[in-house]
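Residue-level listing of the chains:
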Amino acid sequence: MGIGELDREAHVAEATSAGAAPRTLAEALRARGDEGLAALLRARPDLLSPVPNDLTQLATRAGTRGSVVRAIERLDRFALQTAEALAVAPDPAPYSVLLALLTGDEGDPEIEAALPGAVALLREQALVWGEDDRLRLVRTARELLSPSPQHPSPTGLGPTVAEATAGMSPGRVQEIIATAGLTPTHDPVSAVAALTELFTDRARMGALLDEASPEALSVLDRLVWGPPYGEVTPNPAPPVQWLRDRGLLLPVSARTMVLPREVALHLRGGRAHRAPEPVAPVVGAARDYRPQVVDSAAAGQAYATLATVEELLKSWDQGGPQVLRAGGMSVRDLKRTAAALDVTEQLAAFWLELCFGAGLLASDGEADERYAPTPAYDDWLDLPAAERWALLVAPWLVATRTAGLVGGADAKGRTLAALGPDLDRAPAPEVRHRVLELLATLPPGAAADPETLFARMRWERPLRGAAQAAPPRAPQTVSGGPDDSTDPAPDASLDLRSRLARWTLAEAELLGLTGRGALAGPARALLNLPLAEAAAPADHGGRVELSVAAGRAATLLAPLLPEAVDHVLLQADLTAVAPGPLRRPLADALAVLADVESKGGATVYRFTPGSVRRALDSGRSASDLHDFLTAHSRTPVPQPLAYLIDDVARKHGHLRIGAASAYVRCDDDTVLGEILADRRSAALGLRRLAPTVLAAQTDPASLLDGLRAMGYAPAAESAEGDVLVTRADAYRTPARTAPVPVPDGPPAPDTTLLGAAVKAIRAGDRAATAVRKEPTAPATTGGLPRTSAAETLATVQAAALTGSAVWIGYVNAEGAASQRVIAPVRVEGGFVTGYDHTADEVRTYPLHRITGVAELADDQV
C-alpha cells in the first residue's frame, strides 16, 4: 500500500468517525466499538486464525467464501430468510424495501417486530453492513444466496428483467415493450427499464394481467412460488405465447422460459417467501410428571447403564473380537455382542461406542489385534456408582463419535462399522447440548413433545449439518392446459442435525439423563443449569468445567441409586438371589462361582458344575467356597449346593493336563482306561505312554475343553507340575486414552483472547491509517518509507528527544516487511528502543533493519 493510499485510508477513518456513511465493510467495522468487534470475533472465531493485522484485513477475511459459508450455516431460519430477501433486493436496499419483501402488501406485526433483531444479527456477524437506508449484503453472501439456474434460491424467485434480457436482441426487446403497450425506445437499456417499471407498478401490472386468460394465469400460478423455470414446446399454446409476447415469461434457451422476479413478486403480493418464520417454534410439553418420579426413573436407567457396561466389558475380560483390517468390529461380532446383551445391534453399537468414548475399551495394538478393556476399566470399577455414571455421560456429552451411524454407508458406499473410523460428526456435541437445554426450558417434570423440539432445532439451524443439498428441480412443463403433473414424493431422509437430535433423545433416556422423556435433576447439574426451576440456558462461554459439573451431577444421583448390599439368599434349587446391587468384592467373587440367570430388581445366580469348577480353577478350594457362602448368605447353605461343591472339588485336579505337545496324567490308571475306552475321546488322539500317563495329538487348551465336555474335571499344570490358576481379569490392553473429539471449526475464544485480539487489531489499524508526512526519499517498494541510514538515525534521535512518534518500515530476520508506528525513547548501540503502537508494547529494533522513517502529520502527533 502506497503513502497516498494510506492517507486516503486515514481520511476515510476521519469521515467515518465524523458520522459519514461507511463506503466499505472495513469502514463499517472501523466505526464499531470494541464490544462490537469482540461480538463479531466471538460469533465467527475462524476470523481469529491468525489474528488480523488491521481492520482492512479483518474485513477481507470476513468476506471469504469459506468464512461466509460457516457464518450462514449458523443463522436461524428468520435471519437466513432476511439475508435471502436482501439477496433478491436491489443493492443497496433501504430497510423499507427489505421489510416489504418479508411482510408483503398486507404487512405482518410479528415480522415487523422481529426484523430489527435479524438485521442486527446479520450486522454483528459482518454479513450485512451499511445504514438502514443503504443495507448491503456482503458480496460473497449475495453470490451464495442469489437465485441462479444452477443454485435456485429458497425464495423460489428467478432473475430480474434486466438479467433475463441481457442476451436478448434489441429488436426482440422492442417487440415485447410494444406488445405490452409501452412506447418504443431507441436503446435496449431504456426499453428494459420501461418494462421493469411496468412490472413493478401495481396498478398498471394489475391492468395487464386482467387481460390474461384463465389458462395463462394458471401457467403463472404454477411458476410463481418456484421453481420459476418451465419448458415449452417449439409451438407453444396460445396462453404461453400471450405471456411470452408481453415479457411475462422470458426465454432462457430455445425450450426454457423463466418468470421474471418482478412479475413473481407482484403475483405474490410483494412477499419474497411463502412462509416467513419470524418467531421460533415453542417446545411443547407432551406430559407432566412429578419431578421425583422423573428423577427416580432416570436413576433406574443410570443403574441399568452401569450394569450393561459391566456385563459387556466383563465378557471381554479374556479379550474381545478381532479388529477389522479397515478398523472397527465385524457385523458378525456385533451380532454376537447384541445377542449376549439381549439388545438390538444398533443398541449394542451404542454401548460399545459409549465404552470406547469413556476410555474403558480399546484395541490392544498387537499383531493379531483385538478389542479388550483398558486398565482404566479396573480403576472405574473401584469408584462409587454415581461417579462411574458421571465418567460415562460426561464424555458422551462432548463426543463427536456417533453410534447412530453404525450400519449405514459412507460416501464410498462402505458400511460403517462399530468402533471403526468415519463415525465422527463435528456437530454432535452442539446438538446434544442444545437438545438437553431445550428440555430444560420446560417446567421440571415436563416431557417434551419430540416433534415440537425437532421443529425448534430445524428453525435454529436450518442449514447446519445438512446431509446433502438437494439437486435443482427440473423445470416444469408449461403447456397452458390443465395441470396434471405431480411433484415427486419428498425425500424421507432427514438431515444430519435432525437425526442427531433424535438419537440424542433416545440416548439421553438410556443413560438416565432423562426420565420418561423429562430432564432429570442430575442432567441439569451436568449442564450447569438451575435445579429449582427451568431457565434459559447460559452461554457456553460461562459454563463451569465439565468435570466439575459431572461431579455435581454424581452428587445428585448418588442418593437416588439403590444401596449396595453385602449378602445373598441361597435357595435349595441351586440358585442365589441378590436382593439389590452387590458390593464390588462380593459381586466379583459370585460372578466366578455362579452364572447369572436373570436380571432385574433382584439378580438370580445359578450354581452349576461348570461354574464351581471355574471357581476352583481360579485358585479357591472347596473349604474356601463353603466359608464364602456361609459368610455372605442370610439363609443356611442348602445341602444340594454343599454336595455340588464337594463333588466337583473331589474330581477337580484328579487329572492333570500339561504340554508335551499335550499329555494327561492321573494316579488312578483305571480313570485313564475309562477315557481311552470312551468313543468321545477319539478326536483327541490319545494313547497310553505309561500306566498313569496319556499322550494327546491336540494342544493343552483343546484337551482341557474335550475332557470337560466328557464330564471330567481336569486341571492344567505348569512345566514344573504345579496347578495353573486362571483369573477372569487376566487380560488388559496397554494404557489407552479416550478418543479426542473432532473440532467443529476453531474453538470459541475466551474473554481474555478476545480482549487481546481487539486490542491488537485496533493498534494495527491505527498504525495502518495514521496520516504521515512524505519522506524525503520517495517510497519505491511495498509502500515502506525509504531513507538513508543517516536520515533514519537523525530522525529517530530527534523523535526520542521530542517524545514524538514516527512511522518506520521494518524487515525482520525472516525477510517479512511491515510498517509500524513507534515512539522512540532510546537510540544507542545501533538499536532503537521505543513504544510500538502497532504491537502495543515496548520493543527494540536494529537500525540496519529499518528501511526508512517518516514523521507523522502534525494532527496525528
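Residues numbered from 1 in each chain as written. Predicted model: local features only at pLDDT ≥ 70, side-chain atom pairs only at ≥ 80, totals over all residues. Heavy atoms only, no water.

(A) Structural detail: the overall build of the protein chain. A tally of helices and strands in the protein chain yields 34 helices and 26 strands. Out of the 861 residues in the protein chain, the part that is buried amounts to 47%. For the protein chain, the exposed surface amounts to about 40,600 Å²; the carbon and sulfur share of it is 54%. (Helix = DSSP H or I, 4+ residues; strand = E, 2+ residues; numbered from the N terminus. Buried < 20%, exposed > 50% of the residue type's maximum accessible area, 1.4 Å probe, protein only. Areas by Shrake-Rupley, 256 points an atom, 1.4 Å probe, with all protein chains shown as cover.)

(B) The nonpolar core, seen in detail. Ranked by internal contacts, the top residues of the largest apolar core, which has 88 residues, are Leu-41, Phe-199 and Leu-248. If you tally residues by element for this core, the top one is helix 6 (residues 77–88), at eight residues. If we ignore the near neighbours within four places in the chain, the residues touching Leu-41 are Leu-47, Leu-48, Leu-58, Pro-749, Leu-754, Ala-757, Val-758 and Ile-761. (Core = buried A, V, L, I, M, F, W, Y, C linked by side-chain atoms within 4.5 Å. Contact = heavy atoms within 4.5 Å.)

(C) View of helix 6. Between its first and last C-alpha, helix 6 extends 17 Å over twelve residues, near the 16 Å set by a 1.5 Å rise per residue. The element helix 6 is largely enclosed, with a buried count of eleven among its twelve residues. Inspection of helix 6 places Phe-78, Ala-79, Leu-80, Gln-81, Thr-82, Ala-83, Glu-84, Ala-85, Leu-86, Ala-87 and Val-88 among the buried residues, and these make up the whole buried set. The N-cap residue of helix 6 is Asp-76: its side-chain oxygen and the backbone nitrogen of Phe-78 are 3.1 Å apart. (Expected span 1.5 Å × (residues − 1). Polar contact = N/O pair within 3.5 Å; in protein donor to acceptor, adjacent residues only side chain to side chain.)

(D) Structural context of empty space enclosed by the protein. The final tally for this structure, using the stated rule, is two cavities of 30 Å³ or more. Looking at the largest cavity, its volume works out to about 120 Å³. Taken together, 14 residues line the largest cavity, and the ones lying closest to its centre are Glu-353, Leu-354, Trp-396, Ala-399 and Arg-401. Secondary-structure elements contributing two or more residues to the lining of the largest cavity are helix 19 (345–357) and helix 21 (385–398). Top contributing element to the lining of the largest cavity by residue count: helix 19, with five residues. Of the residues in the lining of the largest cavity, the class split is nine nonpolar, one polar and four charged. When its volume is computed, the second largest cavity comes out at roughly 40 Å³. Residue lining of the second largest cavity: Thr-402, Arg-432, Leu-500, Trp-503, Thr-504 and Glu-507, and that is the complete set. No other element matches the four residues that helix 24 (residues 496–511) contributes to the lining of the second largest cavity. Classifying every residue of the lining of the second largest cavity gives two nonpolar, two polar and two charged. (1 Å grid on protein atoms, 1.4 Å probe; cavity = no way out; pocket = protein on both sides within 12 Å on 5 of 7 lines; lining within 4 Å. Points joined across faces, edges and corners; volume = space filled by probe spheres on them. Nonpolar A, V, L, I, M, F, W, Y, C, P; charged D, E, K, R; others polar.)

(E) Inspection of the pairing of strand 23 (residues 817–828) at higher detail. Sheet topology note: the strand 22 (residues 806–811)/strand 23 ladder contains six bridges and is antiparallel. By the bridge assignment for strand 23, Val-811 is matched with Ala-817. Adjacent in sequence and paired antiparallel, strand 22 and strand 23 are bridged by five residues, among which Gly-815 carries a positive phi angle near 90°. Direction of pairing for strand 23 relative to strand 24 (residues 831–836): antiparallel, over a ladder of six bridges. Paired with Ile-822 across the two strands is Asp-836, which belongs to strand 24. (Pairing = 2+ DSSP bridges.)

(F) Molecular detail of the side chain of Asp-317. One can find Asp-317 in the loop between helix 17 (291–314) and helix 18 (331–341). At a separation of 3.0 Å, a polar atom in the side chain of Asp-317 contacts the side chain of Arg-732.

(G) Here's a closer look at the environment of Thr-833. Among the secondary structure elements, Thr-833 is positioned in strand 24. Thr-833 gets classed as buried once you look at its relative accessible area, which sits at 9%. In this structure the C-alpha to C-alpha distance between Thr-833 and Tyr-845, which are twelve residues apart in sequence, comes to 6.4 Å. When neighbours within four sequence positions are excluded, Thr-833 is seen to be in contact with Pro-824, Val-825, Arg-826, Val-842, Arg-843 and Thr-844.

(H) Inspection of helix 31 (residues 669–677) at higher detail. Taken together, the buried positions of helix 31 are occupied by Val-671, Leu-672 and Ile-675. Angular distribution of buried residues about the axis of helix 31 spans 100°; they occupy a single face of the element. Against the buried residues of helix 31 lie strand 18 (663–665), strand 19 (687–690), strand 20 (693–695) and helix 32 (700–709). (Arc of directions from axis to C-beta.)

(I) Region of the structure containing the confidence of the model for the protein chain. When pLDDT is averaged along the protein chain, the result is 84; 88% of the residues meet or exceed 70. Averaged over each element, pLDDT in the protein chain is lowest for helix 1 (residues 3–17) (42) and highest for helix 19 (96). The model gives residues 1–18 a pLDDT under 50, and that stretch makes 32 contacts with residues more than four places away or in other chains. Here residues 775–782 is a poorly scored stretch, pLDDT under 50, and it has 14 contacts once near neighbours within four places are set aside; other chains count. (pLDDT = per-residue confidence, 0-100.)

(J) Representation of the pattern of salt bridges within the structure. In the structure shown here, the tally under the stated rule is 34 salt bridges. For Arg-77, the salt bridge is made with Glu-277, and the minimal N-O distance between the two is 3.3 Å. Of this pair, Arg-77 sits in helix 6 while Glu-277 sits in the loop between helix 16 (261–267) and strand 6 (285–288); the two residues are 200 residues apart in sequence, bridging distant segments of the chain. Assessed through its relative accessible area of 23%, Arg-77 is described here as partly exposed. Overall, the relative accessible area of 29% leaves Glu-277 in the partly exposed class. Linking Asp-91 and Arg-136 is a salt bridge whose minimum nitrogen-to-oxygen distance equals 3.6 Å. Here the residue Asp-91 occupies a position in the loop between helix 6 and helix 7 (95–103), and Arg-136 occupies one in strand 2 (residues 136–137), the gap between them amounting to 45 residues. (Salt bridge = Lys/Arg side-chain N within 4 Å of Asp/Glu carboxyl O.)

(K) Examining the sheet that holds strand 16 (residues 603–606) more closely. Taken together, the four strands give an open sheet; going across it, the order is 13-14-16-15, and neighbouring strands pair in antiparallel fashion. What marks the edges here is a single partner per strand, and that holds for strand 13 (569–571) and strand 15 (595–598). Taking each pair of neighbouring strands and ignoring which way they run, the sheet shows an average axis angle of 30°. As paired strands, strand 13 and strand 14 (residues 575–578) are joined by three bridges and run antiparallel to one another. Its bridge partner lying in strand 14, Leu-570 is registered against Ala-576. (Axes fitted to C-alpha atoms, helices over the stretch in contact; angles between N-to-C directions.)

(L) Examining the environment of Val-758 more closely. As for its position among the elements, Val-758 is in helix 33 (residues 751–769). Residue Val-758 is classed as buried on the basis of its relative accessible area of 4%. The sequence separation of Val-758 and Gly-33 amounts to 725 residues, and the corresponding C-alpha distance is 9.8 Å. Excluding its chain neighbours within four sequence positions, the residues that come into contact with Val-758 are Asp-34, Leu-37, Ala-38 and Leu-41.

(M) The pairing of strand 22, seen in detail. Burial within strand 22 is extensive, with five of its six residues counted as buried. Where strand 22 lies against strand 26 (residues 850–855), five bridges are found, and the strand directions are antiparallel. Across the sheet, Ile-808 pairs through a bridge with Val-853, a residue of strand 26.

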